[in-house]
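# Structural features, examined
Single-letter residue listing:
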Amino acid sequence: QKEVEQNSGPLSVPEGAIASLNCTYSDRGSQSFFWYRQYSGKSPELIMFIYSNGDKEDGRFTAQLNKASQYVSLLIRDSQPSDSATYLCAVNRGDRDDKIIFGKGTRLHILP
Amino acid sequence: DARVTQTPRHKVTEMGQEVTMRCQPILGHNTVFWYRQTMMQGLELLAYFRNRAPLDDSGMPKDRFSAEMPDATLATLKIQPSEPRDSAVYFCASAPSWGAEAFFGQGTRLTVV
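### Regarding the nonpolar core
In this structure, A:W35, A:L74, A:Y87, A:F102, B:F33, B:Y35 and B:F104 are the most contacted members of the largest nonpolar core, which totals 41 residues. Considering each element in turn, this core owes the most residues, 6 residues, to strand β9 (residues 85-92) of chain A. Non-local contacts of A:F102, meaning those with residues more than four positions away in its chain, are made with A:V4, A:Y36, A:L88, A:C89, A:A90, B:Y35, B:L43 and B:F104. Within the second largest apolar cluster, 22 residues are counted, among which are B:I26, B:W34, B:A88 and B:V112.

If you want it as structure tokens, here you go:
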């Protein structure tokens, strides 16, 4: 079992709709969770982080964490063509074993 | 504008040659990561350091890869000898503390022919 799993996509969403991206992780000791966006040919950039169960909102983005189910999601409201990118889920134990492990990413395509 | 700086941005080399990639982490960040990204494998963690000490390099092929932090402002990743299968984008990232998010450099695109 991979440590961090994501559906590779592509996920196609009409402009203005809600895009929902999902991620599961295997290590129950994980404490920090991140969503990165990566445009083609560019480096990953952080868009959201979440540490506690529940929802965290930042503008059009909402991250959701359920530690019991080992599940993290990212919602993008009012999707724009500029949101078309690969979204990477990342997980960190946040203790002595402080490494950040990434999923392979989900390609999101916003349809104009 | 604090950022992670990687050099070179692009490198084309012949099989068997030594390749050295350099990274300057963000000032004050105490954790440095080296990742390799390919279409097939995604972002793979090769090695990481905290306060310049190597914590985990289990993701690296030990026989040909080595990673060091000679000082707090420089991390290096060396491949000797390089092979065509090493062709990938290599990213360095740094983080300010335990559990914190990592900030990525622009990457080194390596092509081994």
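Further notes follow.
### Here we look at the sheet that holds strand β8 (residues 74-79) of chain B
Residues and elements named next belong to chain B. Taken together, 4 strands build an open sheet; the order of strands is β1-β3-β8-β7 and the sheet is antiparallel. The sheet terminates laterally at β1 (5-7) and β7 (65-71), the two strands that pair on one side only. Taken pair by pair, the neighbouring strands of this sheet meet at an average axis angle of 20°, ignoring direction.

### Here's the deal with unusual backbone geometry
A cis geometry characterises the amide bond from B:T7 onward to B:P8, with omega recorded as -10°. With respect to the helices and strands, B:P8 occurs in the loop between β1 and β2 (10-13). The omega torsion across B:Q80 and B:P81 is -5°, close enough to zero to call that bond cis. Even without a glycine there, the phi angle at A:D78 is positive, about 50°. Structurally, A:D78 is set in the loop between β8 (71-76) and β9. Backbone geometry at B:N51 places phi at a positive 50°, although glycine is not the residue there. For B:N51, the position within the fold is in the loop between β5 (42-50) and β6 (53-56).

### Brief notes about the layout of surface pockets
As a volume, the largest pocket reaches approximately 730 Å³. Lining the largest pocket are 29 residues, with A:Q38, A:T86, B:Q37, B:T38 and B:M39 sitting closest to its centre. Mapped by element, the contributors of at least two residues to the lining of the largest pocket are β9 of chain A together with β4 (31-38), β9 (88-95) and β11 (108-112) of chain B. In terms of residues, the lining of the largest pocket owes the most to one element, β11(B), which gives 4 residues. Class assignment of the residues belonging to the lining of the largest pocket gives a composition of 7 nonpolar, 17 polar and 5 charged. Counted as a void, the second largest pocket has a volume near 360 Å³. In terms of lining, the second largest pocket is formed by 19 residues, of which the most central are A:E3, A:I101, B:L43, B:E44 and B:L45. The element best represented in the lining of the second largest pocket is β5(B), accounting for 5 residues.

Reading guide: rules and limits
- Residues numbered from 1 in each chain as written.
- Chains lettered and ligands numbered in written order.
- Predicted model: local features only at pLDDT ≥ 70, side-chain atom pairs only at ≥ 80, totals over all residues.
- Heavy atoms only, no water.
- Core = buried A, V, L, I, M, F, W, Y, C linked by side-chain atoms within 4.5 Å.
- Buried < 20%, exposed > 50% of the residue type's maximum accessible area, 1.4 Å probe, protein only.
- Helix = DSSP H or I, 4+ residues; strand = E, 2+ residues; numbered from the N terminus.
- Contact = heavy atoms within 4.5 Å.
- Pairing = 2+ DSSP bridges.
- Axes fitted to C-alpha atoms, helices over the stretch in contact; angles between N-to-C directions.
- 1 Å grid on protein atoms, 1.4 Å probe; cavity = no way out; pocket = protein on both sides within 12 Å on 5 of 7 lines; lining within 4 Å.
- Points joined across faces, edges and corners; volume = space filled by probe spheres on them.
- Nonpolar A, V, L, I, M, F, W, Y, C, P; charged D, E, K, R; others polar.

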